[in-house]
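# Architecture and fold: a report
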Amino acid sequence: MQLPDIVLIAADAAESKLPFVGAAVQKDCTNLFQTHLPSDNPILDLGLEKLAASDIALEEADFVISAGNGVNRVDTFMQLAKVLDAAIGASRVAVDDGKFSRDKQIGATGKTVSARAYLAIGISGAVQHLQGIKDCRHVIVINRDNSAPIVKRANLSVIGDAEEVMHALITLVSEAKLNKERTPE
Ligand SMILES: Cc1cc2nc3c(=O)[nH]c(=O)nc-3n(C[C@H](O)[C@H](O)[C@H](O)COP(=O)(O)OP(=O)(O)OC[C@H]3O[C@@H](n4cnc5c(N)ncnc54)[C@H](O)[C@@H]3O)c2cc1C
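Residues numbered from 1 in each chain as written. Predicted model: local features only at pLDDT ≥ 70, side-chain atom pairs only at ≥ 80, totals over all residues. Heavy atoms only, no water.

In the vicinity of the ligand lie 25 residues, with Ser91, Thr109, Ser124, Asn143 and Ala162 positioned nearest. Contact distances for the ligand include 2.6 Å between a nitrogen atom and a side-chain N or O atom of Thr109. Contact distances for the ligand include 2.7 Å between an oxygen atom and a backbone N or O atom of Ser124. For the ligand, the protein covers 75% of the area, taking 980 Å² as the surface of the free molecule. Residue assignment for the shell around the ligand shows that the elements contributing at least two residues are helix H3 (92–96) and helix H4 (127–132). Of the residues assigned to the shell around the ligand, the class counts are seven nonpolar, 14 polar and four charged. (Near = heavy atom within 4 Å. Polar contact = N/O pair within 3.5 Å; in protein donor to acceptor, adjacent residues only side chain to side chain. Areas by Shrake-Rupley, 256 points an atom, 1.4 Å probe, with all protein chains shown as cover. Helix = DSSP H or I, 4+ residues; strand = E, 2+ residues; numbered from the N terminus. Nonpolar A, V, L, I, M, F, W, Y, C, P; charged D, E, K, R; others polar.)

Quick look at the structure:
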């Protein structure tokens with residue numbers, strides 16, 4: 001049997017943003033190792049570990065949901081983040097108000113994110129905030145003001161009240177998840 005090539009790539013050596021499928025693939029090499037490597041070779045396959053989105057560094061998250069001054073109910077926002085399994089970010093105003101810790105701030109004086117999807121809720125899109133999301137692939141916005149600067153940057157905008165839209169999304173996503181569990185593949 002011919003051994004497959006195994007390529008080890010140093011962190012940041014390759015562009016990982018596009019296209020990015022967002023799911024890891026685990027190849028079972030146990031037999032290969034047993035057959036072809038000396039028995040004293042100390043290779044241990046630890047498998048894949050699924051992390052909660054909240055445990056992933058913001059800069060590495062594939063899906064970020066971010067709150068601004070237009071989010072009045074942080075508990076609703078956190079519930080939405082949980083059902084969407086998204087990492088949490090915030091605007092500087094939301095951080096300054098004490099709603100989120102400083103490490104969640106996105107923007108010129110916060111973190112730069114490069115998520116495949118960035119959902120901005122109640123964020124106006126000040127230039128300092130937009131700087132932190134310039135590398136995001138899809139920007140989705142919930143804002144009651146369709147003239148907010150972030151709407152121009154968005155790929156999709158929902159114009160409406162943050163609290164109402166968040167509740168509707170929680171219901172829809174929860175129902176969709178339940179239906180998926182019930183329906184065999
Ligand atoms: C030197 C400097 C550095 C800065 N660095 C950063 C940074 O790193 N990150 C950052 O974010 N900011 C930064 N800022 C601040 C920035 O200029 C903005 O003040 C800030 O981003 C505004 O935050 P916001 O969009 O959450 O709030 P706001 O500007 O108050 O906007 C709130 C938005 O929510 C909408 N809204 C309100 N109520 C509702 C509702 N009920 N439903 C739906 N939508 C609603 C409004 O229409 C508005 O668009 C910096 C500023 C300076 C001067």
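The next subject is the sheet that holds strand S1 (residues 63–67). Spatially, the five strands line up as an open sheet ordered S2-S1-S3-S4-S5, and their pairing is parallel. The open sheet has two edge strands with one neighbour each: strand S2 (87–90) and strand S5 (156–159). Shown here is a sheet whose adjacent strand axes are inclined to one another by a mean of 20°, direction ignored. In this sheet, S2 lies alongside S1 in parallel orientation, the contact comprising four bridges. Note on S2: the bridge partner recorded for Val64 is Ala87. The strands touched by helix H2 (residues 74–84) within the sheet are S1, S2 and strand S3 (117–121), with S1 carrying the most contacts at an inclination of about 175°. Packing against the sheet, helix H6 (residues 162–182) makes contact with S3, strand S4 (138–143) and S5, and its axis sits at approximately 120° to S4. (Pairing = 2+ DSSP bridges. Axes fitted to C-alpha atoms, helices over the stretch in contact; angles between N-to-C directions. Contact = heavy atoms within 4.5 Å.)

Here Gln105 is to be found in the loop between H3 and S3. The spatial distance from the C-alpha of Gln105 to the C-alpha of Gly132 is 9.2 Å, given a sequence separation of 27 residues. Excluding its chain neighbours within four sequence positions, the residues that come into contact with Gln105 are Ala90, Ser91, Arg92, Val95, Gly110 and Lys111. For Gln105, the side chain forms a polar contact with the side chain of Arg102, separated by 2.7 Å.

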